Amino acid sequence: MNESRRHILKSLPALAVLLTSCNSDEERAAVAGDPDAALRYKFRGIRGGERRIDAFKKEGGVALYLESGLILDAGVFNKGAKISGYGGHSAGDQLVVPKTLRLVRYSANSRMLGGITYPAYDGTPILDVTVPIAERIPDEVLDRVRKYKGSLVLKLRIHPKTLMVGWEVKNGRGYPFKRDKFGNAYTTDEDNMVGGDFSERRVQYRYLDGRFQMVESKGWYIDPDTGQRVEADF
């Protein structure tokens, strides 16, 4: 192999890195002035996961609306979470999680209407608040999902005054899980990157005193009035 060819082959990996960097820089520049494009870029490669919706107490006549006016969910919500899956892609005009959600609670005598768009009920709204969703999810959480091919858990909690948002990572097989002396994998809340306005009470296996034990952790939430973290039994 002549010297010039050897030099070209040695340069190829560095050139690939450079081109990737340039493309990334161009993409960032392209979305810098477009908030919607920036959100789509933020969620690139995120395909979906689990969605949990619960409430501080039993609440009827509640509806959650997407930015488009379509109903995400409506009805009666309890402390026990409604669990479902969500999915899609972040290409084009689609975001895999909502950009915003509008929470509307209607008066007690309201009747649910048929249809999939606003309004879900015929009564008078007694609470109407819109909160950001997509922008709340930290970049490092999404980076973790992409890196280890995991999934994102999106958590929503209906509070008497607002809609709370939480998140968690379900780590993929490639994640460097902690192991006990027998080789069994386990995780902590730090591994799962639990965060946001609240986290539900959970029962998990934890490695304590040289063996796995089932441990119950209290839930918590950030009080919207004081900003203080408060423990909860759900």
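Because the structure is a prediction, the values reported are computed rather than measured.

Examining the overall build of the protein
Moving on, step 1. In terms of helices and strands, the protein carries 4 helices and 16 strands.
Moving on, step 2. Counting every position in the protein, which comprises 234 residues, the buried fraction comes to 40%.
Moving on, step 3. In the protein, the proportion of contacts linking residues at least 24 apart, taken out of those at least 6 apart, comes to 60%.
Moving on, step 4. Accessible area for the protein stands at about 13,400 Å²; split by element, carbon and sulfur atoms hold 51% of it.

Remarks on the sheet that holds strand 1 (residues 48-55)
Moving on, step 1. The strand order across the open sheet formed by 5 strands is 4-1-7-8-11, and the pairing between neighbours is mixed. The open sheet is flanked by strand 4 (82-87) and strand 11 (195-196), the only strands paired with a single partner.

Brief notes about unusual backbone geometry
Moving on, step 1. At the junction of tyrosine 118 and proline 119, the peptide bond is cis and its omega measures out at -5 degrees in the coordinates.
Moving on, step 2. With respect to the helices and strands, proline 119 occurs in the loop between strand 5 (100-106) and strand 6 (125-132).
Moving on, step 3. One non-glycine residue, lysine 149, lies in positive phi territory at about 55 degrees.
Moving on, step 4. Take lysine 149: its relative accessible area is 73%, and that puts it in the exposed class.
Moving on, step 5. A positive phi is found at methionine 193, a non-glycine position, where the angle reads about 55 degrees.

Notes on the pairing of strand 7 (residues 151-158)
Moving on, step 1. Burial of strand 7 is extensive: 8 of the 8 residues sit out of reach of the surface.
Moving on, step 2. Residues Ser151, Val153, Lys155 and Arg157 of strand 7 are buried on one face, and the alternating residues Leu152, Leu154, Leu156 and Ile158, pointing to the opposite face, are buried as well.
Moving on, step 3. Bridge count for strand 1 against strand 7 is 7 bridges, and the pairing is parallel. Looking across to strand 7, one finds that glycine 49 is bridged to leucine 152.

Considering the confidence of the model for the protein
Moving on, step 1. The pLDDT averaged across the protein works out to 85; a share of 82% of its residues lies at or above 70.
Moving on, step 2. Of the regions scoring below 50 in pLDDT, residues 4-23 engages in 2 contacts with residues more than four places distant in sequence or in other chains.

Concerning the side chain of glutamate 59
Moving on, step 1. Checked against the element boundaries, glutamate 59 lands in strand 2 (residues 59-66).
Moving on, step 2. Residues contacting glutamate 59, with those up to four places away along its chain left out, are Gly75, Val76, Phe77 and Arg105.

Considering empty space enclosed by the protein
Moving on, step 1. Throughout the structure, instances matching the rule amount to 1 cavity of 30 Å³ or more.
Moving on, step 2. Reported here for the largest cavity is a volume of approximately 30 Å³.
Moving on, step 3. What lines the largest cavity is Arg52, Ile53, Asp54, Ala81, Lys155, Leu156, Phe198 and Glu200.
Moving on, step 4. Sorting the residues of the lining of the largest cavity by element identifies strand 1 and strand 7 as the ones contributing at least two each.
Moving on, step 5. The element contributing the most residues to the lining of the largest cavity is strand 1, with 3 residues.
Moving on, step 6. Among the residues making up the lining of the largest cavity, the classes are represented as 4 nonpolar, no polar and 4 charged.

What counts, and at which threshold
- Residues numbered from 1 in each chain as written.
- Predicted model: local features only at pLDDT ≥ 70, side-chain atom pairs only at ≥ 80, totals over all residues.
- Heavy atoms only, no water.
- Helix = DSSP H or I, 4+ residues; strand = E, 2+ residues; numbered from the N terminus.
- Buried < 20%, exposed > 50% of the residue type's maximum accessible area, 1.4 Å probe, protein only.
- Contact = heavy atoms within 4.5 Å.
- Areas by Shrake-Rupley, 256 points an atom, 1.4 Å probe, with all protein chains shown as cover.
- Pairing = 2+ DSSP bridges.
- pLDDT = per-residue confidence, 0-100.
- 1 Å grid on protein atoms, 1.4 Å probe; cavity = no way out; pocket = protein on both sides within 12 Å on 5 of 7 lines; lining within 4 Å.
- Points joined across faces, edges and corners; volume = space filled by probe spheres on them.
- Nonpolar A, V, L, I, M, F, W, Y, C, P; charged D, E, K, R; others polar.

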